[in-house]
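An overview of the molecular structure
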Amino acid sequence: MTMFHFFNCAILTFGPHAVYYSATPLSEYDTLGTSVKAALVYLGTALVKLVCLATFLQVSENDGFDPYQELLKALIGFIDVAGLYFALTQLTHRNISQNHKFQAVGLGWAFADSVLHRLAPLWVGARGLEFTWDYILQGLEANANLVLSISLAALGSLIWLRKNKPKTLIPIIYACAGIVATMPSITSYLRRGLGWHFPKVVGFELFTSLVMAFISWQLFSACQRPST
Amino acid sequence: MATFKKSGGLRDLLESMYSVIALLFILVACVELCDAAAAVDVYRLIQYDMSGSPFGSRFAALNHHAASLRFPPGADLSRTVLIIPLRELNITFVREYITQKKPLGGLLFLLPEVLSFKHGGNKQVHEKEKMKKLLAELEQLLVHSNIPYPVYFAFENDDIDTVLTEIKKNDAMGQPATATTGGYKLVIPTAEPKKVASPTITNIQGWLSGLKADGDANQLPTIAIVASYDTFGAAPALSVGSDSNGSGIVALLEIARLFSLLYSNPKTRGRYNLLFGLTSGGPYNYNGTQKWLRSFDQRLRESIDYAICLNSIGSWDNELWIHVSKPPENAYIKQIFEGFSNVAEELDLKVGLKHKKINISNPRVAWEHEQFSRLRVTAATLSGLSVAPELFEGTGSLFDGRQYVNESAIFRGVKLVAESLARHIYGHQGKGVQIFADESSLAANPAYIRSWLDLLSQTPRVAPFLSKNDPFVMALKKELADHVDEVNVQHENLEGIFTFYDSTSARLNIYQVASVTFDLLLLLVLGSYLIVLFCFLVITTRGVDDLISLFRRPPSRKVKTA
């Protein structure tokens, strides 16, 4: 039962990434290198964030919501955005269309995030005899995170890579990007400040990820029209 | 040259990385889990062989699903552990299961927390008599049966109570826990119980010499005071025997202390030697006492005037019994009994005389004095019990903890014995002199009694599990040595007809498990989710045609071959 459960949760957490890669044209254009590079950039970003958090943050005894600390965490979260900017613009990609570039980067980013944050707890926890719903919820969270990362990458590529955007859409793009970038702070506020339980938080994440994905898709196709 | 060095450095880096990765893999594989819903200390039923016949619980490892007493009738319990709290115990039900050898995965008895010597504290026990009777019956049933599955005792606490209520709820809904329906799993990962190799019994004797008058060549007479200190119970790790025979040990130590005060001054030293014996092997027909006596010098044995054995003097109200095996008309017995009665009258308590003949052909030795009597030494046992206990009955059972003993009873018992002995030694029979008067410097010390009683109530003392240099035995020896002139320790092997097995306590993990069907269902759901995701992504990014083309061979090839 134990390894079986681990296997189930693993395919829930990491399966969608593989499916995404093989189902979309990414596999035809062999964008694996881009994804791997994006994953490495995520690793670097995570290390930098870790150092900053360790230096500037205070460990609070109670699990409450401290606005000042959360603000600091959100600011440090913007290092994420900087990392994504680096991955999108600075890495030398082979000639792949912008459409596929952001998908590959988003995919690599999300995969690295899942592996770093969810593989270890899964290996240590899901193999035991004790059954909890936590790991399945964690897998669903990984799915939501994949969608969010791809949306953020899409919005990022719109902001930094596309030069001719309709003027009216620019504030919307920035607003959406801001919301997606601050998702971690929002979920932490929900969990700590409002005291939501894990299933509720995961449900919220899934819902918002689908909504943001839809909005970014619309924005992307809206910006696509002038160039075609 | 530079490239050579560079490649060599790179190779070193790769190699070190490989070793780090390998180490990481090993570490990761070794991560063992302990995330149980509850982890409880449990104590196993004793396992022993007597003359080759097996008794007790023959297995220790446990890995089965849990069920409560509300299981649906007719359910197969051969792979289930029944959890039975003491207050719901139906002794006929358990007896039926054991005597009819019905298949069962295991038994877990939950005892009230107040009986635990680690956490019970000084809370009062409700319905003492009822619980005592129930526990005694249960213990006798378990100790004398051969049970082919693990039986454990545990103390109730909040974790296990919540687990039990959940199990009862599930059982009431008609779904006993099995591999396909989930529930709770009890796991005790211990090894197979092994025989205890050559169990030793250790007898401690203390000798207090009397005053020998100059020119007196004869050996001084000796009075022996004996108590057995080891216990035997259904759960050897819980067998502290506060009354049987912790009370006897404490009384013996206090009497030794009092007489050592008297004997330290040559002016008050009596003309009797005093021999104190802390014997082991009590529950096994006083095997240790027999071996101890056999080791005596003939002269010493003949010089013993009489021996007083102390047994269970901690829980009586106002009557003590003197058990003898010589007929009450015997002059020596009369003398002893009169001495005790006189003192008892003064102390406002009753002493009765009970005579039980020894049957030489019967190996059962119910009282310690019978071992003396078999070697023609006058002896009597002072006890709060009026009836002789059966084999393995009342030798440190589960209810015999600190709450069961009354220290004032021991205090009065000490006064009785010490006063009677002293009057006999100093020849003050019949006179109204109180040697160990209260408020005097020779008064019995209640604090001493209390502290030793507390210690004994926290020390399980089953002889096969006490090693030769067990710290408790050494402590007893040291304490006796403080009071007497000479201490000797005798190590013997326990009688060959008994074999004991180890593994007396363990840690139980209770896991809440999901059933196999749940996992299969989850796999099905996840599989279909991934397939749907795949199809969705192919349709949205490449078009429906691409999806169909994945499942059909391209028509051109077919045309070619045709």
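Residues numbered from 1 in each chain as written. Chains lettered and ligands numbered in written order. Predicted model: local features only at pLDDT ≥ 70, side-chain atom pairs only at ≥ 80, totals over all residues. Heavy atoms only, no water.

For chain A, the name recorded in an unreviewed UniProt entry is BOS complex subunit TMEM147, with Hibiscus sabdariffa as its organism. The annotation that UniProt attaches to chain A under Sequence similarities (unreviewed entry) is "Belongs to the TMEM147 family." (UniProt positions renumbered as here; feature names shortened; annotations may be inferred.)

**Looking at the overall build of chain B**
Helix and strand content of chain B: 15 helices and 19 strands. In terms of overall size, chain B is more extended than a compact globule, its C-alpha atoms giving a radius of gyration of 34 Å where 562 residues would be expected to give roughly 24 Å. Here the C-alpha coordinates of chain B stretch approximately 130 × 75 × 45 Å along the principal axes. In chain B, buried positions account for 50% of the 562 residues. (Helix = DSSP H or I, 4+ residues; strand = E, 2+ residues; numbered from the N terminus. Rg over C-alpha atoms; globule rule 2.2 N^0.38 Å. Buried < 20%, exposed > 50% of the residue type's maximum accessible area, 1.4 Å probe, protein only.)

**Examining the layout of surface pockets**
All names here are of chain A. As a volume, the largest pocket reaches approximately 1,300 Å³. Along its surface, the largest pocket is lined by 41 residues, and Lys49, Asp80, Asp113, His117 and Pro184 are the ones closest to its centre. Of all elements in the fold, only helix H2 (32-56), helix H3 (67-90), helix H4 (98-126), helix H5 (134-160), helix H6 (169-181), helix H7 (183-193) and helix H8 (198-227) reach the threshold of two or more residues within the lining of the largest pocket. Considering every element that reaches the lining of the largest pocket, the biggest residue donor is H3, with 9 residues. Residues that form the lining of the largest pocket fall into these classes: 21 nonpolar, 10 polar and 10 charged. Put simply, the second largest pocket is a space of about 1,000 Å³. Across the lining of the second largest pocket, the residue classes tally to 20 nonpolar, 12 polar and no charged. (1 Å grid on protein atoms, 1.4 Å probe; cavity = no way out; pocket = protein on both sides within 12 Å on 5 of 7 lines; lining within 4 Å. Points joined across faces, edges and corners; volume = space filled by probe spheres on them. Nonpolar A, V, L, I, M, F, W, Y, C, P; charged D, E, K, R; others polar.)

**Things to note about the sheet that holds strand S12 (residues 273-279) of chain B**
Think of a sheet as strands paired side by side through backbone hydrogen bonds, with each pair either parallel or antiparallel. All names here are of chain B. With mixed pairing, 8 strands are arranged side by side in an open sheet as S15-S14-S16-S13-S11-S12-S10-S17. The sheet is open, and its two edges are formed by strand S15 (350-355) and strand S17 (486-493), each paired on a single side. Between one strand and the next, the sheet's axes are offset by a mean angle of 20°, whatever the strand orientation. The pairing of strand S14 (residues 319-324) with S15 spans 6 bridges and is classified as parallel. In the strand pairing of S15, Ile322 is matched with Leu353. On the sheet, helix H10 (residues 407-426) packs against strand S11 (222-228), S12, strand S13 (304-311), S14, S15 and strand S16 (379-383) and is oriented at approximately 175° with respect to S13. (Pairing = 2+ DSSP bridges. Axes fitted to C-alpha atoms, helices over the stretch in contact; angles between N-to-C directions. Contact = heavy atoms within 4.5 Å.)

**Concerning the packing of aromatic side chains**
As enumerated under the stated definition, the model contains 28 aromatic pairs over all chains in all. With 4.9 Å between their ring centres and 85° between their planes, Tyr42(A) and Trp109(A) make a pair best called edge-to-face. Taken together, the residues Tyr42(A) in helix H2 and Trp109(A) in helix H4 connect sequence positions 67 residues apart. Both residues of the pair, Tyr42(A) and Trp109(A), count as buried. When the centroid spacing of 4.9 Å and the interplanar angle of 70° are considered together, the rings of Trp292(B) and Phe296(B) count as edge-to-face. Take Trp292(B) and Phe296(B): they sit in the same class, and that class is buried. These aromatic residues form a ring-pair network of at least three members: Tyr48(B), Phe55(B), Phe232(B), Tyr284(B), Phe392(B), Phe498(B) and Phe500(B). Across the ring face of Tyr501(B), the terminal group of Arg58(B) is positioned such that the distance to the ring centre comes to 5.1 Å. (Phe/Tyr/Trp six-rings, centres within 6.5 Å; stacked < 30°, edge-to-face > 60°. Lys NZ or Arg CZ within 6 Å of the ring centre and 35° of its normal.)

**A closer look at the environment of Lys73(A)**
Summarising the element assignment, Lys73(A) is placed in helix H3. Not counting residues within four places of it along the chain, the set of residues in contact with Lys73(A) comprises Leu53(A), Leu57(A) and Arg192(A).

**Overview of the pairing of strand S3 (residues 53-57) of chain B**
All names here are of chain B. Here strand S2 (residues 47-50) runs beside S3; their pairing, made up of 4 bridges, is antiparallel. Considered in S3, the bridge of Asp49 is made with Pro54. Where S2 folds back onto S3 in an antiparallel hairpin, the turn is made up of 2 residues, including Ser51, whose phi is positive at roughly 55°. Summarising the sheet, S3 and strand S7 (residues 146-147) pair through 2 bridges and their orientation is parallel. Paired with Gly56 across the strands is Asn146, a residue of S7.

**Description of the UniProt feature "transmembrane region" (unreviewed entry) in chain A**
Residues and elements named next belong to chain A. The feature "transmembrane region" (unreviewed entry), as annotated in UniProt, sits at residues 39-59, 71-92, 104-124, 144-161, 168-190 and 202-220 in this numbering. The span residues 144-161 carries 94% helix and 0% strand; its end-to-end C-alpha distance comes to 25 Å. End-to-end, the C-alpha atoms of residues 168-190 are 32 Å apart, and along that stretch the chain is 91% helix and 0% strand.

**Considering the packing of helix H5 (residues 242-263) of chain B against helix H11 (residues 446-456) of chain B**
When two helices pack together, their arrangement is captured by the angle between the axes and the distance separating the axes. Residues and elements named next belong to chain B. Where H5 contacts H11, the axes come no closer than 9 Å and their chain directions differ by 145°. The two elements H5 and H11 cross, and the hand of that crossing is right-handed. Contacts from Ser242, Gly246, Ile249, Val250, Leu253, Glu254 and Arg257 in H5 reach Tyr448, Ile449, Trp452, Leu453 and Leu456 in H11. (Left-handed = near helix turned anticlockwise from the far one by under 90°.)

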